[in-house]
Amino acid sequence: MNDYQIPALTRIGHVHLKVSDLQRSLDFYCGLLGFELMMKYGTQAAFISAGGYHHHIGLNTWHSLGAGPAPEHAPGLYHTAILYPERKDLAVIFQRLIDAKYQHITGASDHGVSEAIYLNDPDQNGVELYWDRPREQWPKDQAGELTMFTKRLDIEGLLNELK
């Protein structure tokens, strides 16, 4: 059983979130974060993407219409991570959040392998916006093993990408 290893090119194709208000979630994911609405499934679900893929995020109210957020201290999805292609792209969305006075930013970290902005969506689902450093820049110990960490993000340096 331990001899199987998932193929290296396998990717997580999409995440499907239960939300309490479909339009409010579309306003956040499409209106603020810039995802494209690919299709709606009646008034209860929508499928959104980056770059025209059928969907990276599914949103539905099938079991959650009008409900409050999931309990913080219960099993479930910790956050959805959205990978941006370049550091400048992360700076652009961060500036957009600042300009919109988005009140639900919960953190900003440098993990050595990546830089990330953390926030909550309107249903208090965690969202990580991040970019990966090139692999050759990932921190490693003397044995060559990956050594990720969590440090304060250099926000000024990130926003300097916009100059």
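These lines cover the structure that appears in this document, whether it is placed above or below. (Residues numbered from 1 in each chain as written. Predicted model: local features only at pLDDT ≥ 70, side-chain atom pairs only at ≥ 80, totals over all residues. Heavy atoms only, no water.)

**Overview of the sheet that holds strand S4 (residues 57–60)**
Taking strand neighbours across the sheet as the criterion, the four strands line up as S1-S4-S3-S2 in an open arrangement whose pairing is mixed. One side of each edge strand has no neighbouring strand; the edge strands of this open sheet are strand S1 (15–18) and strand S2 (36–41). In this sheet, adjacent strand axes meet at a mean angle of 20° when their direction is disregarded. Pairing of strand S3 (residues 45–49) with S4, which is carried by four bridges, proceeds in the antiparallel orientation. Note that in S4 the partner of Ala45 across the bridge is Asn60. (Pairing = 2+ DSSP bridges. Helix = DSSP H or I, 4+ residues; strand = E, 2+ residues; numbered from the N terminus. Axes fitted to C-alpha atoms, helices over the stretch in contact; angles between N-to-C directions.)

**Description of the nonpolar core**
The biggest cluster of nonpolar side chains holds 31 residues, and the ones touching the most others in it are Tyr29, Leu33, Ile57, Leu59, Ile117 and Leu129. Ranked by residue count, the leading element in this core is helix H1 (residues 22–32), at six residues. For Leu33, the contacting residues outside a window of four places in its chain are Phe28, Ile82, Tyr84, Ile93, Leu97 and Leu129. (Core = buried A, V, L, I, M, F, W, Y, C linked by side-chain atoms within 4.5 Å. Buried < 20%, exposed > 50% of the residue type's maximum accessible area, 1.4 Å probe, protein only. Contact = heavy atoms within 4.5 Å.)

**Digging into the environment of Leu158**
Secondary-structure assignment places Leu158 in helix H3 (residues 155–159). Under the relative-accessibility criterion, Leu158 is labelled buried at 0%.

**A look at the packing of aromatic side chains**
The description of two aromatic rings rests on the distance between their centres and on the angle between their planes. Under the definition given, this model contains three aromatic pairs. Between Phe28 and Tyr29, the ring centres sit 4.7 Å apart and the planes meet at 85°, which makes this aromatic pair edge-to-face. Both residues of the pair, Phe28 and Tyr29, belong to the buried class. Residues Tyr41 and Trp62 carry aromatic rings whose centres are separated by 6.3 Å and whose planes lie at 85° to one another, so their mutual orientation is edge-to-face. Here Trp62 lies in the loop between S4 and strand S5 (79–84) and Tyr41 lies in strand S2, a separation of 21 residues in the sequence. According to the relative accessible area criterion, Trp62 is partly exposed, its value standing at 40%. By the ring-pair criterion, three or more aromatic residues cluster together here, those being Phe28, Tyr29 and Tyr102. (Phe/Tyr/Trp six-rings, centres within 6.5 Å; stacked < 30°, edge-to-face > 60°.)

**Things to note about the pattern of salt bridges**
Across all of its chains, the model carries five salt bridges by this definition. Glu115 serves as the salt-bridge partner of Arg133, at 3.5 Å between the closest nitrogen and oxygen. Here Glu115 lies in strand S7 (residues 114–120) and Arg133 lies in the loop between strand S8 (126–132) and strand S9 (151–152), a separation of 18 residues in the sequence. Like Arg133, the residue Glu115 is buried in the burial classification. Beyond isolated ion pairs, a larger network of salt bridges with shared partners links Arg87, Asp110, Glu115, Arg133 and Glu161. (Salt bridge = Lys/Arg side-chain N within 4 Å of Asp/Glu carboxyl O.)

**Some points on the sheet that holds strand S6 (residues 105–110)**
Strands sit in the order S5-S8-S7-S6-S9 across an open sheet of five strands; the sheet is mixed. The open sheet has two edge strands, S5 and S9, and neither has a second partner. Judged from the six bridges that link them, S5 and S8 form a sheet pairing that is parallel. Bridge pairing in S8 places Ile82 opposite Leu129. Each of S5, S6, S7 and S8 is contacted by helix H2 (residues 87–99), which is oriented at about 25° to S7, the strand it contacts most.

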